[in-house]
Amino acid sequence: MINKAFSFCCTCMLLLISLFANAQENQNQNTETGPVNEFFRSNGKIYVIVGVLLIIFIGIVIFLIALDRKLSKLEQRENNSHGK
């Protein structure tokens, strides 16, 4: 219980720090223009990049969920074998 509360507090703290750091960003800086962004947008490649990143992220999430389920089954099996 204490570990979960500590983890939650740390997560909230990191989110607040990132919000404050983002608020300090220079508002006059335009990140939409630039040779790299113009190249990817002109060729339509930005959607390919976003798609590939999305596929990689979804793959990692699915892998972590499957790994969590396997570990839960092993923990249950271990607890049941020690209980007998």
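Data block above holds the structure.
Keep in mind that what you see is a predicted model, and the values were worked out from it rather than measured. (Residues numbered from 1 in each chain as written. Predicted model: local features only at pLDDT ≥ 70, side-chain atom pairs only at ≥ 80, totals over all residues. Heavy atoms only, no water.)

Caption draft 1: Looking closely at the overall build of the protein. Scanning the protein for helices and strands turns up 3 helices and 0 strands. If you list the helices and strands of the protein from N to C, you get α-α-α. Within the protein, the fraction of its 84 residues that count as buried is 1%. When the accessible surface of the protein is summed, it comes to about 8,300 Å², and 67% of that surface belongs to carbon and sulfur atoms. (Helix = DSSP H or I, 4+ residues; strand = E, 2+ residues; numbered from the N terminus. Buried < 20%, exposed > 50% of the residue type's maximum accessible area, 1.4 Å probe, protein only. Areas by Shrake-Rupley, 256 points an atom, 1.4 Å probe, with all protein chains shown as cover.)

Caption draft 2: Just a positive patch on the surface, in detail. A contiguous patch of positive charge on the surface is contributed by Arg69, Lys70, Lys73 and Arg77. Turning to its location among the elements, Lys70 is positioned in helix α3 (residues 45-83). (Patch = residues over 30% accessible without salt bridge, like charges linked within 9 Å, V, L, I, M, F, W, Y side chains within 5 Å. Salt bridge = Lys/Arg side-chain N within 4 Å of Asp/Glu carboxyl O. Lys, Arg positive; Asp, Glu negative; His and termini not counted. Charge placed at Lys NZ, Arg CZ, Asp CG, Glu CD.)

These results come straight from atomic positions and should not be treated as a statement about function.
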